[in-house]
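Read off the chains here:
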Amino acid sequence: WAKAEGRGRWAVYDPERSAADIARSALAANLPAALDRGEFVLHYQPIVSLLDGAMLAVEALVRWQHPELGLIGPDRFIGLAEETGLIVRLGAWVLNQACRDAESWRRAYPEAKLVVSVNLAARQADDPAIVETVATALSRTGLPAELLQLELTESAVMGTAGEPLRSLHRLAELGVRLAIDDFGTGYSNLAYLRRLPIHCLKLAGPFVEGIRADGADVAADHRDERIVDALVRLAHALELWVTAEAVETAVQAERLRSLRCDTGQGRWFGAPVPADQIRERLAGGREAA
Ligand code: C2E
Ligand code: MG
Ligand code: MG
Ligand code: MG
């Protein structure tokens, strides 16, 4: 991949390769140079208390500000970055930038105790240097460890053993919070889950989506609500916080609150926005949900 820097030219003619494939390869080839040119940006999405609407955390979500194609979402390049291994370097950039932003918010609004939540790809979690990468980001920026949360998917942590498992424990010992992202979409081994040093479960969007504005749910028998109810109870039994993802309506927010879900994230509480808009929101103080 080192040779693919600059313009990604794929001269080999192969009728079997679709145009989409070629576009994908070109995008992948340009990722390292884009990182060097500083074309990635972070947007932040509020994670809000369902009790009082206070913004307790923000999730850092990476975007690529492409010079010709405009703002490109992570769904189009994170997978590529994982395949090529660039995710380790890109992820380190995300981590440092997120910690830098969070520390500047903390200095301006220390009482807000705003946590920044950063996604870690499986490949990063498996990287033997991950603990050092995180510790360095914290010490370089001055952000207290307890104001950093790392999100890992079920598939990234389930069955983790040996060095990667030790890394998770060492991260927790640093004081960093660990969350399971998109919980309920992967396969979770509960016996295993309870032994992980995690602090939070983020309930995957599809369960929340099933809670509809008309009060009915897709299955007409409130099945998704009952799943959320069960998962919240499970999380609380394990003494974990619960964040519901993809909260889009007032009805969903209210139902989630009555199901004792702790925090919510989604368009209802605010879309992902550039860092300065988070600062404005902090300046505005607590905001009603
Ligand atoms: P995720 O971590 O589950 O992030 C939540 C995604 O839900 C975000 O998509 C967010 O914009 C979207 N979302 C926000 N509000 C709503 C809503 O009300 N309804 C629905 N349906 N969706 C909502 P985004 O920003 O496109 O990110 C997609 C995924 O890309 C993330 O999913 C995460 O897995 C990955 N990703 C993003 N940034 C990073 C990063 O820095 N590192 C790594 N490794 N992965 C990242
Ligand atoms: Mg997206
Ligand atoms: Mg996430
Ligand atoms: Mg998620």
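For clarity, every value in this text was computed on a predicted model and none was experimentally measured.

### Brief notes about the environment of A121
Reasoning step 1: For A121, the position within the fold is in the loop between β4 (115-119) and α4 (122-125).
Reasoning step 2: Separated by 81 residues in the primary sequence, A121 and F40 place their C-alpha atoms 17 Å from one another.
Reasoning step 3: Not counting residues up to four positions away in its chain, the partners in contact with A121 are E82 and I87.

### A word on the coordination of the magnesium ion (ligand 3)
Reasoning step 1: The magnesium ion (ligand 3) binds to the protein through E59 (OE), N119 (OD1), E151 (OE) and D181 (OD), with metal-donor distances spanning 2.0 to 2.3 Å.
Reasoning step 2: Counting the intervening residues between successive donors of the magnesium ion (ligand 3) yields the motif E-x59-N-x31-E-x29-D.
Reasoning step 3: In this structure, the magnesium ion (ligand 3) lies 3.8 Å away from the magnesium ion (ligand 4), the two metals sharing D181 as a donor. Within this pair, whereas E59 is found in strand β2 (residues 55-66), its partner N119 is found in strand β4, the two being separated by 60 residues in sequence.
Reasoning step 4: You can call E59 buried: its relative accessible area is 5%.
Reasoning step 5: Residue N119 is classed as partly exposed on the basis of its relative accessible area of 27%.

### Let's talk about the nonpolar core
Reasoning step 1: Core analysis: the biggest nonpolar cluster contains 85 residues, and Y44, L148 and L150 have the highest contact counts within it.
Reasoning step 2: No other element matches the eight residues that helix α3 (residues 87-108) contributes to this core.
Reasoning step 3: Residues contacting L148, with those up to four places away along its chain left out, are L95, C99, V115, V116, V118, V134, L138, L143, V176 and R177.

### Quick notes on the confidence of the model for the protein chain
Reasoning step 1: Mean pLDDT for the protein chain: 90, with 90% of residues reaching 70 or above.
Reasoning step 2: Overall, residues 1-6 carries pLDDT values under 50, and its contacts beyond four positions in sequence, including any with other chains, amount to nine contacts.
Reasoning step 3: Scoring the predicted complex yields pTM 0.92 and, for the interface, ipTM 0.97.

### Section: the packing of helix α1 (residues 19-36) against α3
Reasoning step 1: At a minimum axis separation of 11 Å, α1 and α3 run at an interaxial angle of 30 degrees. The pairing of α1 with α3 is recorded here as roughly parallel in orientation. Relative to α3, α1 is oriented so that their crossing is left-handed. For the pair α1 and α3, contact is made by P32, L35 and D36 and by R89, L90 and W93, respectively.
Reasoning step 2: Residues belonging to the contact of α1 with α3 are distributed by class as follows: four nonpolar, no polar and two charged.

### A few points about the side chain of Q124
Reasoning step 1: Its place among the elements puts Q124 in helix α4.
Reasoning step 2: A polar side-chain atom of Q124 sits 2.9 Å from the main-chain amide nitrogen of A121.

### A word on the pattern of salt bridges
Reasoning step 1: A full pass over the atoms with the stated rule returns 13 salt bridges.
Reasoning step 2: Among the salt bridges present, the one from D36 reaches R89, with a minimum N-O distance of 3.1 Å. Highlighted residues: D36 in helix α1 and R89 in helix α3, separated in sequence by 53 residues.
Reasoning step 3: With a relative accessible area of 54%, D36 lands in the exposed category.
Reasoning step 4: Accessibility expressed as a relative area gives 40% for R89, which makes it partly exposed.
Reasoning step 5: Notably, a salt bridge pairs E163 with R166, separated by 3.3 Å at the nearest N-O pair. Remark: R166 and E163 occur in helix α7 (residues 162-174); sequence separation between them is three residues, near one turn of the helix.

Cut-offs used in this document
Residues numbered from 1 in each chain as written. Chains lettered and ligands numbered in written order. Predicted model: local features only at pLDDT ≥ 70, side-chain atom pairs only at ≥ 80, totals over all residues. Heavy atoms only, no water. Helix = DSSP H or I, 4+ residues; strand = E, 2+ residues; numbered from the N terminus. Contact = heavy atoms within 4.5 Å. Donors = N, O, S within 2.8 Å, 3.2 Å for Na, K, Ca; no water. Buried < 20%, exposed > 50% of the residue type's maximum accessible area, 1.4 Å probe, protein only. Core = buried A, V, L, I, M, F, W, Y, C linked by side-chain atoms within 4.5 Å. pLDDT = per-residue confidence, 0-100. Axes fitted to C-alpha atoms, helices over the stretch in contact; angles between N-to-C directions. Parallel < 35°, antiparallel > 145°, perpendicular 65-115°, else oblique. Left-handed = near helix turned anticlockwise from the far one by under 90°. Nonpolar A, V, L, I, M, F, W, Y, C, P; charged D, E, K, R; others polar. Polar contact = N/O pair within 3.5 Å; in protein donor to acceptor, adjacent residues only side chain to side chain. Salt bridge = Lys/Arg side-chain N within 4 Å of Asp/Glu carboxyl O.

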